[in-house]
Amino acid sequence: FIRCLADKALTFALFDQLARDFNGDLFVPENHEHAVVTDAHLHLLRDLLAGVASASQEPLFLWAYDFSVVPIGLVSSMYELFYRQEVDDPETSTYYTPPELVEYVLADLLRAEILDRAPRVCDPACGSGIFLVEAYRRIVRHEAASTSERLSTERLRHLLLDRIAGCDINESAVQLAAFSLYIAFLNYQTPQDIRQAGPLPPLICRGDEAPAPLIVGDAFSATRVETEGEALGSARLPWARNGFGVIVGNPPWSEPRGEAKSLGERWAIRHRLPVGDRSPSQLFLWRVLDLLADDGVATLLVSAKVLFNVRTKSLAFRHEWLTAARVERVVNFSQVRRDFFEKAVSP
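Cut-offs and rules
Note on numbering: residues in each chain are counted from 1, in written sequence order. Local features are withheld for residues below a pLDDT of 70 in this predicted model, meaning they are given only at 70 or higher, and side-chain atom pairs are given and counted only at 80 or more; totals for whole chains, interfaces and linings count all residues. Only hydrogens and water are set aside; all other atoms, that is, all heavy atoms of the structure, feed into the side-chain values. pLDDT runs from 0 to 100 and stands for how confident the predictor is about each residue. In what follows, a contact means two residues having at least one pair of non-hydrogen atoms within 4.5 Å. A pair of strands is treated as paired once DSSP finds two or more bridges between them. Working definition: helices are DSSP H or I runs of at least four residues, strands are E runs of at least two. Numbering for both runs from the N terminus. Simply put, an axis is a line fit to the C-alpha atoms, just over the touching stretch for a helix, and the angle between two N-to-C directions goes from 0 to 180 degrees. We call a set of buried residues a nonpolar core when its members are Ala, Val, Leu, Ile, Met, Phe, Trp, Tyr or Cys and they connect through side-chain atoms within 4.5 Å of each other. Only protein chains enter the accessibility calculation, which uses a 1.4 Å probe. A residue is then buried if its area is under 20% of the maximum for its type, exposed if over 50%, and partly exposed in between. Disulfides are defined as pairs of cysteine sulfur atoms found within 2.5 Å of each other. Note on definitions: the grid is 1 Å and covers protein atoms alone; a cavity is a set of points where a 1.4 Å probe fits but cannot get out; a pocket is an open set with protein on both sides within 12 Å along at least five of seven lines; lining residues have an atom within 4 Å of a point. Grid points are joined across faces, edges and corners, and a volume is the space filled by probe spheres set on the points. Note on residue categories: nonpolar means Ala, Val, Leu, Ile, Met, Phe, Trp, Tyr, Cys or Pro, charged means Asp, Glu, Lys or Arg, and polar means any other residue, Gly included.

Caption draft 1: Quick look at the confidence of the model for the protein chain. Residues of the protein chain with pLDDT of at least 70 account for 88%, and the chain-wide mean is 86. For residues 88-92, every residue scores under 50 in pLDDT, and the model assigns this stretch six contacts once sequence neighbours within four places are set aside. Contacts of residues 228-233 to residues separated by more than four positions or lying in other chains number 11 contacts, the stretch itself having pLDDT below 50.

Caption draft 2: Looking closely at the sheet that holds strand S3 (residues 214-216). If you trace the five strands from one edge of the open sheet to the other, you get S3-S2-S1-S4-S5, paired in parallel fashion. Two strands bound the open sheet, and with one partner strand each, they are S3 and strand S5 (292-300). Between one strand and the next, the sheet's axes are offset by a mean angle of 20°, whatever the strand orientation. By the bridge criterion, three bridges tie strand S2 (residues 164-168) to S3 in an arrangement that is parallel. Looking at S3, one finds that Asp 168 is bridged to Val 216. The sheet contacts of helix H8 (residues 153-163) involve strand S1 (121-123) and S2, and relative to S2 the element is tilted by about 45°. The strands touched by helix H12 (residues 280-291) are strand S4 (244-249) and S5; relative to S5, the strand with the most contacts, the crossing angle is about 150°.

Caption draft 3: Looking closely at the nonpolar core. Counting 41 residues, the largest nonpolar core has Tyr 136, Leu 181 and Leu 214 as the members making the most contacts within it. Where this core is concerned, the elements lending two or more residues are helix H5 (99-109), helix H6 (112-115), helix H7 (130-147), H8, helix H9 (171-187) and S4. In this view, Leu 181 contacts Leu 132, Val 133, Tyr 136, Leu 160, Ile 164, Leu 203 and Leu 214; residues no more than four positions away in its chain are not counted.

Caption draft 4: Main features of the state of the cysteines. Here the structure, examined in full by the defined rule, presents zero disulfides. The closest cysteine sulfur to the non-disulfide-bonded Cys 167 is located on Cys 126, 6.9 Å from its own sulfur.

Caption draft 5: The layout of surface pockets, seen in detail. Volume-wise, the largest pocket comes out at about 2300 Å³. As for the largest pocket, its lining consists of 44 residues, and the residues nearest its centre are Phe 15, Leu 26, Phe 27, Leu 176 and Phe 179. In terms of residue count, H9 provides more of the lining of the largest pocket than any other element does, nine residues in total. Split by residue class, the lining of the largest pocket holds 30 nonpolar, seven polar and seven charged.

Caption draft 6: How the structure looks around unusual backbone geometry. Here the phi dihedral of Asn 23 falls at roughly 55°; this positive angle occurs in a residue that is not glycine. Along the chain, Asn 23 falls in the loop between helix H1 (8-22) and helix H2 (32-36). Despite not being glycine, Ser 148 has its phi angle at roughly 55°, a positive value. For Ser 148, the position within the fold is in the loop between H7 and H8. The class for Ser 148 is exposed, based on a relative accessible area of 66%.

Shown next as structure tokens:
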């Protein structure tokens, strides 16, 4: 690849071939890249991969690393790092969920008796997909243990397309979620399996095409069978209402500061649902009840204020929400919040 980057025509020929071989959403051709990317850009990448030192860069020794194993948190942490550098307002920035917290949540949520139901797992604010990747891995391991045999590529594909669902308003995050899920999917196959299986399945839903697991959109948009989407001026989600056996995630915590109401706030008003302090945590807790199957289970990482705020609207939220939901467990991470989120302020 280092030699390839020395020739722009060869580089783009390689990308075109990768797009034909893998398809899906992994190597999506972008026609404008041919005009925008120059030899200088490619030489910069070549020097980076070769570990060449420069005036602003110490020598890198990438040859010493084994990239055959990609840790679950690597893509998410890289995304967070670069995304936060582009965002001026830290309140609107993205914070990925540490793998230890993901493991803790899913170990309790995706128990054998739950996985025996073959639930569809949804993260309504999936970010770069760390919950979905680990959920997929647990589904695959459970399926393999149940059948006592290695799963075929066809079965692995079926589990990916039919048992995983995610949504996020950030398109870049959804693209990274697709990338991470592809890595997990390919990890269970041999190179020969991959060659024989043909192109990867699309994972990101695009317009009127066939439904795919991942959606760029707002979780408060109308689902396929809801009718308020047009009134709210929002795209519809290709989800069936009350269709998810499991919902999990770490939705946004930051309360909006502008006067304009978010789609979630307008959704709550239309449904006459009490929400205190414009809390995204309270909004997502309501939305989860709306998206769960009747026998579904969910775990969300939310602000501790959801349970401790004593203002009138938050009291009203707790009264109505706790009447509508059956709470099995509450874990308070307030005292260890900085162990998981270095710059955490709120409990």
